[in-house]
Amino acid sequence: MEITKKEIIIDPSQLTQLLGFNDEYLSMIERKFHSQIYVRGNTVKIKGTLDETQIIEKVIKELLYLITKNGQLTKEDVISVLGLFEHSEANIPQNEDVKLQSNTVLHAAKETIRARTPNQIRYLQSVYKNDIVFAIGPAGTGKTFLAVAMAIAALKRNDVSKIVLSRPAVEAGESLGFLPGDLQEKIDPYLKPLTDALQQMLTPEKYKSLLEKGIIEITPLAYMRGRTLNYSFIILDEAQNATATQMKMFLTRLGANSKALVTGDITQIDLQKPKKSGLIDANKVLQNIPGIDFVYFDEKDVVRHRLVADIIKAYERSYEEKEKNEN
């Protein structure tokens, strides 16, 4: 994929309007594309594929025309202009009464990500319709990967201005204190599945830029306390290892115009007794609340190696037999 650079010189009297307060409008444009966009003096510099740099140039010129015509630029203007040059989203309809027609989640940097199974498609539809969605099922069913893809798609559409990815820092027989290194080095292994998904969907430059600007934040669950997250797409992964108290804390971080996705596998709980899994608790407590939905996955949704589905079925049979013997 050939990378090209383009520079657009902006009239200094229009530059502040174009960028928006605290570069809000510039960030909205950048989130829409894979390309890097930055400003040096009164020059906007674009680095990306030829097609994208040409589209971004057209977007900027259209915005400059609106500034000249109206004497100002609004957020609604930016959203409208970006909509005119729509090219990389899942084409999710804006009217809730319209059925979701496409199983495409995201046109990522390296591939197009799609929902492949009936449960994955239902997952996509549920996230579109609800503000809190729980995805419960075994490993390899695409719960986390699709969640991250949907978050990036929402960011590109400017539905949200921030992505927050979180996990409980809990593993079988271990705790942070026993691991080597400083705090960041202790935390990194827990968050790697999330960073792996992001790096598969974004170019290295885009990934680094969004992290540095705080548009994407990756944090342990314990660090979520006391926050209110507005205009955010929030994902809690490995939620079976959150306690009931932590789960309540996480869900109540939800602010205005935000969505929360909770993913987990209740057969892989690493919490030490007598702690209770917050995922199991939420699955009982939060049923039948409008705006909250539960999507369940099984071995038929596994998209990893063919043996993974067989392994899952074997363990399920073993658990069922154990429960029968105990009863």
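No experiment lies behind these values; they were computed from the predicted model shown.

Each value, and the rule that gives it
- Per-chain numbering applies: the sequence of each chain, read as written, is numbered from 1 onward.
- Totals for whole chains, interfaces and linings use all residues, but because this is a predicted model, local features are given only for residues with pLDDT of at least 70 and pairs of side-chain atoms are given and counted only at 80 or more.
- Water and hydrogen atoms were dropped before computing side-chain values, which therefore reflect all heavy atoms in the structure.
- In this description, a line fitted to the C-alpha atoms serves as the axis of each element, helices being fitted only across the stretch in contact, and the angle between N-to-C directions of two axes falls anywhere from 0 to 180 degrees.
- Helix numbering and strand numbering both begin at the N terminus, where a helix is a DSSP run of H or I of at least 4 residues and a strand a DSSP run of E of at least 2.
- Oblique is the label for any angle not under 35 degrees, not over 145, and not in the 65 to 115 range, which are roughly parallel, roughly antiparallel and roughly perpendicular in turn.
- What makes two residues a contact is simply this: any of their non-hydrogen atoms within 4.5 Å.
- Note on residue classes: Ala, Val, Leu, Ile, Met, Phe, Trp, Tyr, Cys and Pro are nonpolar, Asp, Glu, Lys and Arg are charged, and everything else, Gly too, is polar.
- In this description, strands pair whenever DSSP reports at least two bridges between them.
- To estimate the expected span of a helix, subtract one from its residue number and multiply by 1.5 Å.
- Here the term buried applies to any residue with accessible area under 20% of the maximum for its type, exposed to any over 50%, and partly exposed to those in between, with areas from a 1.4 Å probe on protein chains only.
- Across the chain, each position has a pLDDT score giving the predictor's confidence in that residue, from 0 to 100.
- In the analysis that follows, any N or O atom pair within 3.5 Å is treated as a polar contact, provided that within protein one partner can donate a hydrogen and the other can accept it, and provided that, for residues neighboring in sequence, both atoms belong to side chains.
- Among the buried residues, those of types Ala, Val, Leu, Ile, Met, Phe, Trp, Tyr and Cys that are joined through side-chain atoms within 4.5 Å form a nonpolar core.
- Here a cavity denotes grid points, spaced 1 Å and computed from the protein atoms alone, that fit a 1.4 Å probe unable to get out, and a pocket denotes an open set having protein on both sides within 12 Å along at least 5 of 7 lines; residues with an atom within 4 Å of a point are the lining.
- Grid points are joined across faces, edges and corners, and a volume is the space filled by probe spheres set on the points.

(A) Quick peek at the packing of helix α1 (residues 12-19) against helix α3 (residues 50-70). Where α1 meets α3, the closest approach of the two axes is 10 Å, and the angle between their N-to-C directions is 110°. Classified by the interaxial angle, the pair formed by α1 and α3 is roughly perpendicular. Contact with α1, carried on its side by Gln-14, Gln-17 and Leu-18, involves Ile-60, Leu-63, Leu-64, Ile-67 and Thr-68 of α3 and no other residues of that element. Taken together, the residues of the contact of α1 with α3 break down into 5 nonpolar, 3 polar and no charged.

(B) Examining the sheet that holds strand β6 (residues 132-136) more closely. In spatial order, the strands read β8-β7-β9-β10-β6-β11; together these 6 strands make up an open sheet with parallel pairing. In the strand order of this sheet, the two ends are held by β8 (216-220) and β11 (292-296), each with one partner. Averaged over all pairs of adjacent strands, the angle between their axes in this sheet comes to 15°, without regard to strand direction. The strands touched by helix α10 (residues 278-285) within the sheet are β6, β10 (259-264) and β11, with β6 carrying the most contacts at an inclination of about 120°.

(C) Representation of helix α5 (residues 118-129) within the structure. In this model α5 runs 17 Å from its N-terminal to its C-terminal C-alpha over 12 residues, within 8% of the 16 Å that 1.5 Å per residue would give. All of the buried residues along α5 are Gln-120, Tyr-123, Leu-124, Ser-126, Val-127 and Tyr-128.

(D) A look at the confidence of the model for the chain. Predicted confidence across the chain gives a mean pLDDT of 83, with 83% of residues reaching 70 or more. The low-confidence segment residues 87-101, where pLDDT is below 50, has 28 contacts with residues more than four positions distant or belonging to other chains.

(E) Main features of the environment of Ser-35. As for its position among the elements, Ser-35 is in the loop between α2 (24-32) and β2 (36-40). Looking at Ser-35, the relative accessible area reads 1%, which means it is buried. Placed 167 residues apart in sequence, Ser-35 and Leu-202 show a C-alpha to C-alpha distance of 9.9 Å. Residues in contact with Ser-35, not counting those within four places in the same chain, are Glu-30, Ile-46, Lys-47, Gly-48, Thr-49, Glu-52, Ile-56 and Lys-206. In terms of polar contacts, Ser-35 uses its side chain to reach the side chain of Glu-52, at 2.6 Å.

(F) Molecular detail of the packing of α1 against α2. Put simply, α1 and α2 touch, their axes get as near as 5 Å, and they point 65° apart. Taking contact as the criterion, the partners of Gln-17, Leu-18 and Leu-19 in α1 are, on α2, Glu-24, Tyr-25 and Leu-26. Of the residues in the contact of α1 with α2, the class split is 4 nonpolar, 1 polar and 1 charged.

(G) Quick look at the nonpolar core. With 37 residues, the main nonpolar core has Leu-106, Tyr-123, Met-150, Met-201 and Phe-233 as its most contacted residues. Among the elements of the structure, β4 (104-107), α5, β6, α6 (143-156), β7 (162-167), α7 (183-201), α8 (204-212) and β9 (232-236) are those that each provide at least two residues to this core. Of all the elements, α6 adds the most residues to this core, at 10 residues. Beyond its immediate stretch of four places on either side in the chain, Phe-233 contacts Val-127, Ala-147, Met-150, Ala-151, Ala-154, Val-160, Lys-162, Ile-163, Val-164, Lys-259 and Leu-261.

(H) Representation of the pairing of β7. Summarising burial for β7: 6 of the 6 residues are buried, a large majority. Of the two faces of β7, the one carrying Lys-162, Val-164 and Ser-166 and the one carrying Ile-163, Leu-165 and Arg-167 are both buried. Sheet topology places β7 next to β9; 5 bridges connect them, and they run parallel. For Ile-163, the partnering residue across the bridge sits in β9 and is Phe-233. As defined by bridge partners, β7 adjoins β8 across 5 bridges and the pair is classed as parallel. Along β8, the bridge assignment pairs Arg-167 with Pro-220.

(I) View of the side chain of Ser-166. Among the structural elements, Ser-166 can be located in strand β7. Of the polar contacts made by the side chain of Ser-166, one reaches the backbone oxygen of Thr-219; its length is 3.0 Å. Those residues in contact with Ser-166 that lie beyond four places of it in its chain are Leu-194, Thr-219, Pro-220, Leu-221, Met-224, Ile-235, Leu-236 and Asp-237.

(J) Summary view of empty space enclosed by the protein. One pass over the structure, following the stated rule, counts 2 cavities of 30 Å³ or more. Taken as a whole, the largest cavity encloses approximately 50 Å³ of empty space. In terms of lining residues, the largest cavity is bounded by Arg-31, Phe-33, His-34, Ile-152, Leu-155, Lys-156, Leu-202, Lys-206 and Leu-210. Of all the secondary structure elements, the ones that give two or more residues to the lining of the largest cavity are α6 and α8. The element best represented in the lining of the largest cavity is α6, accounting for 3 residues.

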